[in-house]
Amino acid sequence: MKKFVKAVGALSLAALSFSAVSSTIDAGGITWDASTPANPYIADVSFQQWFTNGTYGTAGGVSTITADSAASTAPAFGASLSGVGRFSQFNDGRDQLFGTFCSNGFGTCELTFAFGGLVAVGQNQWDLSNSWLNVYVDDSLDFGPANSTAYQRYNQAQNGDLWASFTFDTFDLDSDNLNAGFVDSYLSIVEGVGNPDVVEALNFHDGWYDIFYTASSQIGSSGYSISSNGQVSQVPEPTTLAVFALGLIGLGAAARRRRA
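As recorded in an unreviewed UniProt entry, the protein goes by the name Ice-binding protein C-terminal domain-containing protein, listed as coming from Lacimicrobium alkaliphilum.

See the structure below:
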């Protein structure tokens, strides 16, 4: 099972070396190359989010944003956090804005996503039992930038072919309110849903988190976020983290010896 990770902190997992050798994703006109440990999957994303009391729909066996759930409500306990967005750049320099994102040329595809079902139940307490995030690849640019009116294009964010579907395992908001802050979370891929080549390529190692994601957002007076950006990247295997932790312990011991 694969997992998305969102995190913000002084120590970034993305800075660690990776021991897992990843496959190259080549599906729907988008190639994401991470064939060496030194070149893990990394991508920038932009999105718009809001809280809603509306209901979600279903299509192709996954949850979707509808006109009802695209309507915002004031951030409050009991409301569900939802959003739409797109991938804007990959780690090899290909950029959606400058038309180098898609392998088939300028304006031939876009990689979008939608999420929802994160219910605020208390201060930094969330009910994630019905949470979801879906990634789509589309052979047109009908969604466009994740600007202040992106929520109005919820259909365009979800009308491509499903790449992969995820559920949130954790969701931590580094803020004393629901309006703005930094978020870190882990997501697990729903196996057997989406493009088989994409699912296989992102399955770095069973039972451990696979994608690291850091993001920040601020919801304005309209009830929709003003600007929201983040980055996803592959996370190291447990053995890599263990070696890194031992290194920190060794540094601490050396520092104590120097002080003695």
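From this point, the narrative continues.
A. How the structure looks around empty space enclosed by the protein. Throughout the structure, instances matching the rule amount to 4 cavities of 30 Å³ or more. Within this model, the largest cavity holds a volume of roughly 140 Å³. Taken together, 19 residues make up the lining of the largest cavity; nearest its centre are Q49, L81, L173, V183 and S217. The set of elements that each furnish at least two residues to the lining of the largest cavity consists of strand 4 (42–52), strand 11 (161–174), strand 12 (180–194) and strand 13 (211–218). It is strand 13 that provides the largest number of residues to the lining of the largest cavity, a total of 4 residues. Among the residues making up the lining of the largest cavity, the classes are represented as 11 nonpolar, 7 polar and 1 charged.

B. Layout of the nonpolar core. In terms of nonpolar packing, the biggest core is built from 44 residues, with F87, L111, W126 and W163 touching the most fellow members. When neighbours within four sequence positions are excluded, L111 is seen to be in contact with I30, R86, F87, F90, F101, V135, Y136, V137 and W163.

C. Representation of the side chain of T112. Examined against the element boundaries, T112 turns out to sit in strand 8 (residues 110–122). Within polar-contact distance, the side chain of T112 engages the backbone oxygen of A157 at 2.7 Å. Excluding anything up to four places from it in sequence, T112 contacts G85, R86, N134, V135, Y136, F143 and A157.

D. Seen up close, unusual backbone geometry. Unlike most non-glycine residues, N124 shows phi in positive territory, near 55°. Within the secondary structure, N124 is located in the loop between strand 8 and strand 9 (125–127). Taking relative accessible area as the criterion, N124 reaches 31% and is therefore assigned partly exposed.

E. Highlighting the pairing of strand 4. Burial analysis of strand 4 places 9 of its 11 residues in the buried class, which makes it a mostly covered element. Judged from the 10 bridges that link them, strand 4 and strand 7 (residues 80–90) form a sheet pairing that is antiparallel. Looking at the pairing, T52 lines up with S80 of strand 7.

F. Quick look at the pairing of strand 8. Of all 13 residues in strand 8, 12 are buried, a share of seventy percent or more. Two strands pair when backbone bridges link them, and strand 7 and strand 8 are joined in this way by 6 bridges, in the antiparallel orientation. Each bridged residue has a counterpart across the sheet, and for R86 the counterpart in strand 8 is T112. Inspection of the sheet shows strand 8 paired to strand 10 (residues 132–138) by 7 bridges, in the antiparallel sense. The residue bridging F113 from the neighbouring strand is V135, located in strand 10. Across 3 bridges, strand 8 lies against strand 9 in antiparallel orientation. The residue of strand 9 that forms the bridge with G122 is Q125. Between strand 8 and strand 9, which follow one another and run antiparallel, lie 2 residues, and N124 among them has a positive phi close to 55°.

Calculation rules
Residues numbered from 1 in each chain as written. Predicted model: local features only at pLDDT ≥ 70, side-chain atom pairs only at ≥ 80, totals over all residues. Heavy atoms only, no water. 1 Å grid on protein atoms, 1.4 Å probe; cavity = no way out; pocket = protein on both sides within 12 Å on 5 of 7 lines; lining within 4 Å. Points joined across faces, edges and corners; volume = space filled by probe spheres on them. Helix = DSSP H or I, 4+ residues; strand = E, 2+ residues; numbered from the N terminus. Nonpolar A, V, L, I, M, F, W, Y, C, P; charged D, E, K, R; others polar. Core = buried A, V, L, I, M, F, W, Y, C linked by side-chain atoms within 4.5 Å. Buried < 20%, exposed > 50% of the residue type's maximum accessible area, 1.4 Å probe, protein only. Contact = heavy atoms within 4.5 Å. Polar contact = N/O pair within 3.5 Å; in protein donor to acceptor, adjacent residues only side chain to side chain. Pairing = 2+ DSSP bridges.

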